[in-house]
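Structural overview for review
Residue strings, one per chain:
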Amino acid sequence: MMKIELDYFKKPFKQIGVDAVVGYGIMLIASVGAQFVIQIIGFVFNYAQPVSLNQQAIERSLLSSTGVLMILVTILFAPILEELIFRKAMFRFFKNQWVAMVVSSLIFGLIHVSSERTFLDFFTNLITYSASGFALGYVYIKNKHNVWSSILVHAVANAVSIIMILFLAFL
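What you see is a predicted model, and the numbers here were worked out from it, not measured in a lab.

Before going further, it helps to spend a moment on the pattern of salt bridges. Per the counting criterion, the structure on display carries 3 salt bridges. Across the pair Lys-88 and Glu-5 runs a salt bridge whose closest N-O atoms are separated by 2.3 Å. Remark: Glu-5 occurs in helix H1 (residues 2-6) and Lys-88 occurs in helix H4 (residues 67-93); sequence separation between them is 83 residues. Neither residue differs from the other here; Lys-88 and Glu-5 are each classed as buried. With its nearest N and O atoms 2.7 Å apart, the salt bridge here joins Glu-83 to Arg-87. With Glu-83 and Arg-87 both in helix H4 and 4 residues apart, this pair spans about one turn of that helix. By relative accessible area, Glu-83 is classed as buried at 0%.

Structure below.
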């Protein structure tokens, strides 16, 4: 099975790069859609979505003495572990790939917001993270269930986030 998975890297380097950019674009579209829904919720309930506690913890760690370790965890280890669990394992568990995508996206969202303080914080951040999980699931399906495609897109998304956090912190 791993040999088949590693065949992903037999693609030309340019094609892998295109896959990463297109996948990241899909994540951005999902994020915009999630933010649209959250803006409606904010309007209806007079609510402003806070930065998730998960994101706050990452930002604090990045700017601490363990920042280099957090970069490795966020860009390398988290995408590999999360994609193996939420795409590879969950898509094997469910027979219908669309059910697998919805369930894995919701659980992906849940693990990222499990400690939010209020229901609206929990719910709106769940929408945000689940949208990312949905986009990663779509990338996984689009690439014939090859987990390396979603790992790569997840790593790129996390790397862009890290770069933005560090850029803003050192302005």
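The biggest cluster of nonpolar side chains holds 16 residues, and the ones touching the most others in it are Met-27, Ile-127, Ala-135, Leu-136 and Val-153. Counting only elements with at least two residues in this core, the list comes to helix H2 (13-45), H4, helix H6 (119-142) and helix H7 (147-169). It is H2 that contributes the most residues to this core, 6 residues altogether. Setting aside anything within four residues of it in sequence, one finds Met-27 in contact with Ser-132, Ala-135, Leu-136, Val-153 and Ala-157. Formed by 7 residues, the second largest nonpolar core is a distinct cluster that contains Phe-91, Ala-100, Met-101 and Tyr-140.

Turning to the packing of helix H5 (residues 97-113) against H6, a few remarks are in order. Axis separation between H5 and H6 bottoms out at 7 Å; the angle between their running directions is 140°. Between H5 and H6, the angle is such that the two are oblique. For H5 against H6, the interelement crossing comes out right-handed. Along its contact with H5, which presents Gln-97, Trp-98, Met-101, Val-102, Ser-105, Leu-106, Phe-108, Gly-109, Leu-110, His-112 and Val-113, the element H6 presents Phe-122, Asn-125, Leu-126, Tyr-129, Ser-130, Ser-132, Gly-133, Phe-134, Leu-136, Gly-137, Tyr-138 and Ile-141. Residue composition of the contact of H5 with H6, by class: 14 nonpolar, 9 polar and no charged.

Tallied over the full model, the rule gives 6 aromatic pairs. A centroid spacing of 5.4 Å and a plane angle of 65° characterise the contact between Phe-9 and Trp-148, whose relative ring orientation is edge-to-face. Of this pair, Phe-9 sits in the loop between H1 and H2 while Trp-148 is found in helix H7, placing the two residues 139 residues apart along the sequence. Note on Phe-86 and Phe-108: the rings are 5.6 Å apart at their centroids and 85° apart in plane angle, and the pair reads as edge-to-face. Here Phe-108 lies in helix H5 and Phe-86 lies in helix H4, a separation of 22 residues in the sequence. Given the relative accessible area of 5%, Phe-86 is considered buried. Here a set of aromatic residues connected by ring pairs shows up, and it is made of Tyr-8, Phe-9 and Trp-148. Arg-87 extends its terminal NZ or CZ atom over the ring of Phe-108, reaching a point 5.1 Å from the ring centre.

Definitions and cut-offs
- Residues numbered from 1 in each chain as written.
- Predicted model: local features only at pLDDT ≥ 70, side-chain atom pairs only at ≥ 80, totals over all residues.
- Heavy atoms only, no water.
- Salt bridge = Lys/Arg side-chain N within 4 Å of Asp/Glu carboxyl O.
- Helix = DSSP H or I, 4+ residues; strand = E, 2+ residues; numbered from the N terminus.
- Buried < 20%, exposed > 50% of the residue type's maximum accessible area, 1.4 Å probe, protein only.
- Core = buried A, V, L, I, M, F, W, Y, C linked by side-chain atoms within 4.5 Å.
- Contact = heavy atoms within 4.5 Å.
- Axes fitted to C-alpha atoms, helices over the stretch in contact; angles between N-to-C directions.
- Parallel < 35°, antiparallel > 145°, perpendicular 65-115°, else oblique.
- Left-handed = near helix turned anticlockwise from the far one by under 90°.
- Nonpolar A, V, L, I, M, F, W, Y, C, P; charged D, E, K, R; others polar.
- Phe/Tyr/Trp six-rings, centres within 6.5 Å; stacked < 30°, edge-to-face > 60°.
- Lys NZ or Arg CZ within 6 Å of the ring centre and 35° of its normal.

Everything listed here is a matter of coordinates, which is why it stays silent on function.
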